[in-house]
Every structure is written in structure tokens, then in C-alpha cells.
Amino acid sequence: RKDGTFYSELLSISAVRDANQNILQYIGIFTDISQQKMHQAELEKVTFYDTLTGLPNRRLLQQRFEHAFQRALQLQRRCAVCLLDLDGFKAINDQYGAQIGDQVLVHTSQHLQAALRSGDTLARLGGDEFVILLNDMPEPSDCHPIIERLLLAVAKPCQTTAGEFSLSGSIGVSLYPDDNADPDTLLRHADKAMVQAKEAGKNRVCWFDPSNARKVAEHQLMQDQLLDALEQQQLVLHYQPKVNLQTGHVLGAEALIRWQHPTRGLLSPAAFLSYIEGSDLEVPVGRWVLQQAVQQAASWHQSGVAAQVSINVGASHLLTDGFCLELKTILEQYPHLPPSAIELEILESTAISDISKASELIQRCQGLGVRFALDDFGTGYSSLTYLRKLPVQTLKIDQSFVRDMLADPDDLNIVEGVIQLAQVFGREVIAEGVETLPHGARLLQLGCHYAQGYGIARPMPANQFLDWVSAWQQRQDWQALTGPSAI
């Protein structure tokens with residue numbers, strides 16, 4: 001312009017030709033488009049920048065993500081996606097109002113921007129959440145100094161019209177391409193890590209662990225599949241016989257859950273039980289096991305086989321307020337079944353976690369006529385006080401001690417000690433993990449008459465149990481244990 005200022009113009013140039021199409025002259029027409037450019041800049045600012053702090057918003061951040069990720073792959077470096085949330089900001093905003101809160105956000109954004117390198121991006125998503133995109137990181141450790149500067153920047157006092165305020169920040173960090181995900185997923189992962197930082201005490205940094213996240217996702221997937229398995233009747237019970245080594249009599253069987261997977265075949269509890277224990281599935285699966293096992297016991301009794309069925313009960317299921325009523329309702333469905341034919345097995349660690357409630361519940365259920373066994377005895381570091389307070393009828397020696405007792409003197413001493421404890425407290429005792437005749441012979445020597453294990457029988461479908469009982473009577477090897485020369 002005449003005053004020396006620059007402006008934007010839109011110029012069009014047209015050629016003027018004669019009759020022979022020779023160019024005679026050019027005519028230029030220009031228009032001052034400063035106003036349009038100003039509107040365009042304002043529109044761009046509204047579209048790509050936060051109106052309060054002037055920082056990039058989510059839309060511009062998305063573009064920065066794409067550029068940074070491409071560069072990271074080309075240079076074989078890392079990007080760090082940091083989600084920062086101000087600790088205590090809500091209290092300031094609620095007490096002093098949004099205007100003071102906005103002043104705090106503006107000052108904080110300025111402090112954060114000053115702590116970053118020129119190639120990094122600071123963006124505001126809304127509220128008191130900021131995203132920091134750190135570029136060109138050869139190693140994860142290279143992020144630490146910058147993140148520490150961010151925490152110090154947040155802690156700088158903010159001068160407002162209502163006075164000076166000091167805050168702290170909680171930061172969650174996810175790394176690309178270590179966490180090989182899209183920008184939205186990386187932000188979610190950083191948010192999860194930030195929540196962990198809040199829960200850990202605030203004013204700190206937590207790093208998202210992709211391997212742990214995969215485990216969590218796999219765990220959830222497995223639980224979803226198990227819920228489907230329960231609804232689609234893919235869960236089945238197998239039964240492992242329990243016998244009296246002294247008389248050869250079959251006492252009954254322990255009900256053990258299996259999963260008839262549609263593609264992987266029959267799965268043992270080791271493949272899926274850990275996904276049930278302590279989850280929301282424990283109670284519904286426990287109810288199904290209880291119903292099926294009692295029904296099977298009733299079926300065998302109707303067939304003339306008085307087999308006692310042992311049923312494992314999980315901690316969450318056992319300690320629910322309605323467990324005793326639930327058990328009573330199931331037993332009433334089979335009036336011909338003696339309640340004493342049902343034995344509930346509880347883990348030692350389960351009972352000890354709430355000894356008073358467990359003891360009271362056991363007594364109530366025993367009032368219905370059922371029996372109780374303390375499973376895996378010896379693995380929960382229980383005291384004699386616990387043993388005295390729990391009114392169980394049977395102690396089950398954990399198979400880890402029984403299996404190696406012939407070779408390990410310490411395991412043998414534990415087995416012998418449990419048997420003696422059972423005798424002192426008037427409890428029956430049964431040994432798990434009996435795999436060979438010498439195991440059975442040694443247990444008889446120690447005074448333990450009841451046993452179960454692979455040497456006697458592996459868990460089997462219910463429809464094979466009666467045939468196994470008949471065949472067991474012909475097992476001369478095990479029946480010989482009762483003879484004078486067996487030991």
C-alpha cells in the first residue's frame with residue numbers, strides 16, 4: 001500500500017491480441033483479499049486451535065500424530081504420547097469460578113510449552129487435560145528428562161487475579177511403535193496409565209505396558225468365551241474315584257470340571273480355572289457345578305450305588321450370604337439322596353481368609369446333613385487354632401507332598417504330620433496324588449486309609465464310573481495292599 005504495509009491481492013492477467021492473434025498488451029486486474037485471508041486465518045484457528053490457550057486441538061493433533069508416526073518409522077525412532085491431567089484443578093475451578101480456572105489453564109499451558117523442544121507438540125483436548133507428543137526418541141529413557149521437566153513446569157505457581165495457585169500433574173505415557181496402535185488407541189492407553197498415576201498418589205508418571213495390556217485383553221476374551229461355554233453347555237464334570245486302601249471299598253468320587261472346547265477339545269482345569277477364580281464367573285459356574293454334581297450323586301444312588309460325591313466350592317461362592325439356602329434348595333430336589341452323600345471341599349486359604357464367617361457357614365450347611373473337607377491341607381500355613389475352629393470332617397493332604405514323599409524326607413514328614421494332626425483332632429484324612437502301589441502301601445503304614453490319584457483312577461465321565469467300580473473289585477494289585485505281605 002502507499003503507507004508501506006503489505007496486503008494480499010488476487011491478481012488475474014489477460015492477454016490482448018490483434019486480428020492475427022499477436023499479443024498487443026496485457027491487462028492485470030487485482031483485488032485486495034486481505035479480509036478474506038483474515039477470515040480464513042480465523043476459521044483455521046477455530047478449526048485447529050484451542051480458543052482458550054491457543055494450543056493445537058484434537059484435529060490438528062491428529063495430523064501431527066500421522067506425520068510423527070511416519071517419521072518415527074522412517075528413522076527407526078520412537079514417539080511418546082503423554083496425557084497430562086492437572087491434580088486439584090477441579091477444586092480451584094469450583095471454588096473460584098471458571099474465569100480463574102481459565103487463567104490457571106493459560107498459565108499452565110505457557111509453562112508446559114516452555115519446557116518442550118521446538119519439534120514437540122503440546123495440545124489441549126479440553127478441561128484440564130493436555131496431550132504432549134514427543135518426537136525423535138531413540139530410547140524410552142530419552143523421554144524421562146522431558147517428562148520430568150513437564151512435572152516441574154506444572155508445579156510452577158500460576159499468578160491469577162484471585163491469587164497464586166500451585167498444582168501438580170499426573171502423566172500417563174504410551175510409546176510408538178512399541179505400542180503399535182493407532183493414535184486414538186495410543187491416547188486411550190496413555191489415559192489408562194494416567195489413571196494409574198492418579199491412583200498411585202498423583203504427581204507422578206506411569207508408563208503403559210503393552211504386554212500387560214495384551215494379557216488383560218486375553219484374560220477378558222477367555223472370560224467371555226467361558227461365559228459362552230457355560231450358556232452353551234460346553235462345561236462338563238468328570239469324576240475321580242476315592243477308595244479305602246485298607247478295605248478296597250469305593251467311597252465315591254470328586255467332581256472335577258472340564259471344558260469341552262468346540263475347537264481345542266477337552267480342556268483340563270489348568271487351562272481355564274484361573275480365569276474363573278475370583279471373577280464374576282466364579283459364582284454362576286460354582287452353582288452349575290453344585291447342581292450337576294448333586295444331580296449325579298442322586299442318579300447313582302437311584303441305581304443302587306451309594307457313592308459320596310465331593311464338590312469343590314470357590315471362595316466367592318462359598319461366602320455369599322445365600323449359599324446355605326441355595327444348597328438346601330438343590331438338596332430338596334432329590335429327597336431320596338442322603339445329604340451325607342455330598343461333601344463340599346473348600347481350600348484351606350479360602351477358609352482362613354474369613355475364619356469366623358467360614359466356620360459359621362460350615363456349621364449351618366452341616367445342619368442340612370452335608371459333610372465338609374479342607375482341601376490342599378498343608379499349603380496355607382494354617383495354625384492349630386484355625387484347624388480347631390473349622391468344623392470340617394476331613395483333611396485332604398495336598399498332592400504335592402504325597403507325590404514326592406517316597407523320595408523327599410521333608411514331604412514324608414509333612415504327610416506324617418498331617419495324618420497325626422487329623423488323628424489328634426478327630427478328623428478323617430485322605431491323600432491326593434497317589435500314583436503308585438508303594439505310595440498306597442506307605443500311606444497305610446502311616447495310618448492313612450483313604451486315597452485318590454492317577455494310580456487308582458484318572459478322572460472319568462460320569463457314564464464310565466459304574467463300570468470302573470466293577471472293574472476295581474478285580475484289581476488284584478491294589479487289593480493286595482490289605483494282605484499281610486502287602487507292606
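I will try to describe carefully the structure that is included in this document.

Digging into the sheet that holds strand β8 (residues 168-176)
Across the sheet, which stays open at both edges, the five strands sit in the order β4-β5-β3-β8-β9 with mixed pairing between neighbours. The sheet is open, and its two borders are formed by β4 (121-126) and β9 (205-207), each paired with just one other strand. With direction set aside, neighbouring strand axes in the sheet form an average angle of 20°. Looking at chain direction, strand β3 (residues 78-87) and β8 are connected through nine bridges and run antiparallel.

Section: a nonpolar patch on the surface
Together, Leu11, Ile13, Ile23, Tyr26 and Phe30 give the surface a local cluster of nonpolar side chains, amounting to about 550 Å² of exposed area. Every element with two or more residues in the nonpolar patch is listed here: β1 (9-17) and β2 (23-32). By residue number, the principal contributor to the nonpolar patch is β2, which donates three residues. Mapped onto the elements of the fold, leucine 11 is located in strand β1. Leucine 11 gets classed as partly exposed once you look at its relative accessible area, which sits at 44%.

As for the pattern of salt bridges
Considering all chains together, one arrives at 19 salt bridges under this definition. Arginine 78 serves as the salt-bridge partner of aspartate 178, at 2.8 Å between the closest nitrogen and oxygen. Taken as a pair, aspartate 178 in the loop between β8 and α6 (183-199) and arginine 78 in strand β3 lie far apart in primary sequence, 100 residues in all. Residue classification places aspartate 178 among the partly exposed residues on the basis of a relative accessible area of 38%. Close ionic contact of lysine 242 with glutamate 343 constitutes a salt bridge, the shortest N to O distance being 3.2 Å. Residue lysine 242 is located in strand β10 (residues 235-244), and its partner glutamate 343 is located in strand β14 (residues 342-347); the two are separated by 101 residues in the primary sequence.

Section: the state of the cysteines
Applying the stated criterion across every chain yields a total of zero disulfides. Looking at cysteine 143, it has no disulfide partner, and the nearest cysteine sulfur is the one in cysteine 82, 6.6 Å off. Looking at the unpaired cysteine 324, the closest cysteine sulfur is the one in cysteine 365, lying at 3.9 Å. Relative accessible area serves as the criterion here: at 9%, cysteine 324 is assigned to the buried category.

Quick look at helix α11 (residues 323-332)
Along α11, the positions that sit buried rather than exposed are Phe323, Cys324, Glu326, Leu327, Ile330 and Leu331. In a view along the axis of α11, the buried residues occupy a sector of 160°, so they form one face of it. With respect to the buried face of α11, the exposed residues turned more than 90 degrees away are Leu325 and Glu332. Elements in contact with the buried residues of α11: α9 (282-302), α10 (315-318), β14 and α13 (355-366).

Each value, and the rule that gives it
Residues numbered from 1 in each chain as written. Predicted model: local features only at pLDDT ≥ 70, side-chain atom pairs only at ≥ 80, totals over all residues. Heavy atoms only, no water. Pairing = 2+ DSSP bridges. Helix = DSSP H or I, 4+ residues; strand = E, 2+ residues; numbered from the N terminus. Axes fitted to C-alpha atoms, helices over the stretch in contact; angles between N-to-C directions. Patch = residues over 30% accessible without salt bridge, like charges linked within 9 Å, V, L, I, M, F, W, Y side chains within 5 Å. Areas by Shrake-Rupley, 256 points an atom, 1.4 Å probe, with all protein chains shown as cover. Salt bridge = Lys/Arg side-chain N within 4 Å of Asp/Glu carboxyl O. Buried < 20%, exposed > 50% of the residue type's maximum accessible area, 1.4 Å probe, protein only. Disulfide = S-S within 2.5 Å. Arc of directions from axis to C-beta. Contact = heavy atoms within 4.5 Å.

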